[in-house]
Amino acid sequence: MTRYISTLCAALLALSGVSLAQADTILGIYASADYWQYDGKADVAQTNKNKSNFVFDQKNQASLSLSIEHPVPIVPNIRLRHTALQGNDTKKVASFEFANFVFSQDVNLDIDLTSTDMVLYYEVLDNVVSADIGIAAKLIDGDIVAKEVNGLNKKTVSIKETIPMAYVSAQAKLPLTGLSVKADVTGVSYNGSSLSDVQAEIMYNFVDNVAIDIGIKAGYRQISATLEDVESTDADIEFKGPYLGLEMHF
């Protein structure tokens, strides 16, 4: 993991030179709230055991983000984003090994995680087309709980992992329409594990003046994680679905 952190930090330092000519002239704050309607799935088991597949019902969650862009050279801009990730499914299993226990009847799997991102980035283009490049640290925190539906056995694996990732964002304005399209990608792969968080959206600014811009947006987001031997657990987890949101730029 240390090797990946060092590589991403070196990349960020290299990009800092690009930002000198592209820095904003005033402080800008972007606040966004999204209503995300997602479904998910998880293939889970104890490390090196056969995984069982669980499919989650649709959930609705809020996702909040705050970005601060400034005119100070070399110092990166910052973005914070927080999202809850939940899923629940019950299935009949013949043999499901999890947290040093073998389940052999109906099992309920409950995933209750939070995803919190801190992104440090530079704006390398700022015109009709804008682009940001940087690094991100994603904190995955929460529990995976397996329990017998008709029994007393219950096992919990707690996960708290901070994962460094690369970050790329691109946005294009459609002239004279108030519309813009945007895509964000964060991701990393290391030691058999991988994580990606991808979203694409279209936004319409219905307020656009010197004091404040307000836009309504619609998009699609997908979070995919392959965790290998994390807290003695192997898991392939995915959450994906559309969202509606509101963004304000001060």
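About the cut-offs
Residues numbered from 1 in each chain as written. Predicted model: local features only at pLDDT ≥ 70, side-chain atom pairs only at ≥ 80, totals over all residues. Heavy atoms only, no water. 1 Å grid on protein atoms, 1.4 Å probe; cavity = no way out; pocket = protein on both sides within 12 Å on 5 of 7 lines; lining within 4 Å. Points joined across faces, edges and corners; volume = space filled by probe spheres on them. Helix = DSSP H or I, 4+ residues; strand = E, 2+ residues; numbered from the N terminus. Nonpolar A, V, L, I, M, F, W, Y, C, P; charged D, E, K, R; others polar. Phe/Tyr/Trp six-rings, centres within 6.5 Å; stacked < 30°, edge-to-face > 60°. Buried < 20%, exposed > 50% of the residue type's maximum accessible area, 1.4 Å probe, protein only. Core = buried A, V, L, I, M, F, W, Y, C linked by side-chain atoms within 4.5 Å. Contact = heavy atoms within 4.5 Å. Pairing = 2+ DSSP bridges.

Moving on: empty space enclosed by the protein. With the rule as written, the count across this model stands at 2 cavities of 30 Å³ or more. Taken together, 13 residues make up the lining of the largest cavity; nearest its centre are Leu113, Ile140, Leu195, Ala225 and Ile237. At the level of secondary structure, the elements contributing two or more residues to the lining of the largest cavity comprise strand S8 (154-174), strand S11 (213-230) and strand S12 (233-249). It is S11 that provides the largest number of residues to the lining of the largest cavity, a total of 4 residues. Here the residues of the lining of the largest cavity sort into 11 nonpolar, 1 polar and 1 charged.

Here we come to the layout of surface pockets. Taken as a whole, the largest pocket encloses approximately 1,000 Å³ of empty space. Lining the largest pocket are 49 residues; nearest its centre among them are Tyr30, Gln171, Lys173, Glu247 and His249. Class assignment for the residues of the lining of the largest pocket results in 19 nonpolar, 16 polar and 14 charged.

A few words on the packing of aromatic side chains. The full count for this structure, using the stated rule, is 8 aromatic pairs. Geometrically, the ring pair formed by phenylalanine 96 and phenylalanine 98 is stacked, given 5.8 Å between the ring centres and 15 degrees between the ring planes. Each of the two residues, phenylalanine 96 as well as phenylalanine 98, counts as buried. Through a chain of ring-to-ring contacts, the aromatic side chains of Phe54, Phe96, Phe98, Phe101 and Phe103 assemble into a single cluster.

Here we take up the nonpolar core. Among the nonpolar cores identified, the biggest contains 37 residues, and Phe96, Phe98, Leu109, Ile111 and Phe239 are the most heavily contacted of them. Those residues in contact with phenylalanine 96, other than ones at most four positions away along the chain, are Val44, Ala45, Ser52, Phe54, Phe101, Val102, Phe103, Val107 and Ala146.

Two strands pair when backbone bridges link them, and strand S1 (residues 28-46) and strand S2 (residues 52-69) are joined in this way by 16 bridges, in the antiparallel orientation. Among the inter-strand pairings, alanine 33 is bridged to a residue of S2, identified as leucine 64. Here S1 folds back onto S2, and the loop between the two strands holds 5 residues, one of which, asparagine 48, carries a positive phi near 70 degrees. As judged from the 6 bridges shared by S2 and strand S3 (residues 77-92), these two strands associate in the antiparallel manner. Paired with serine 65 across the bridge in S3 is arginine 81.

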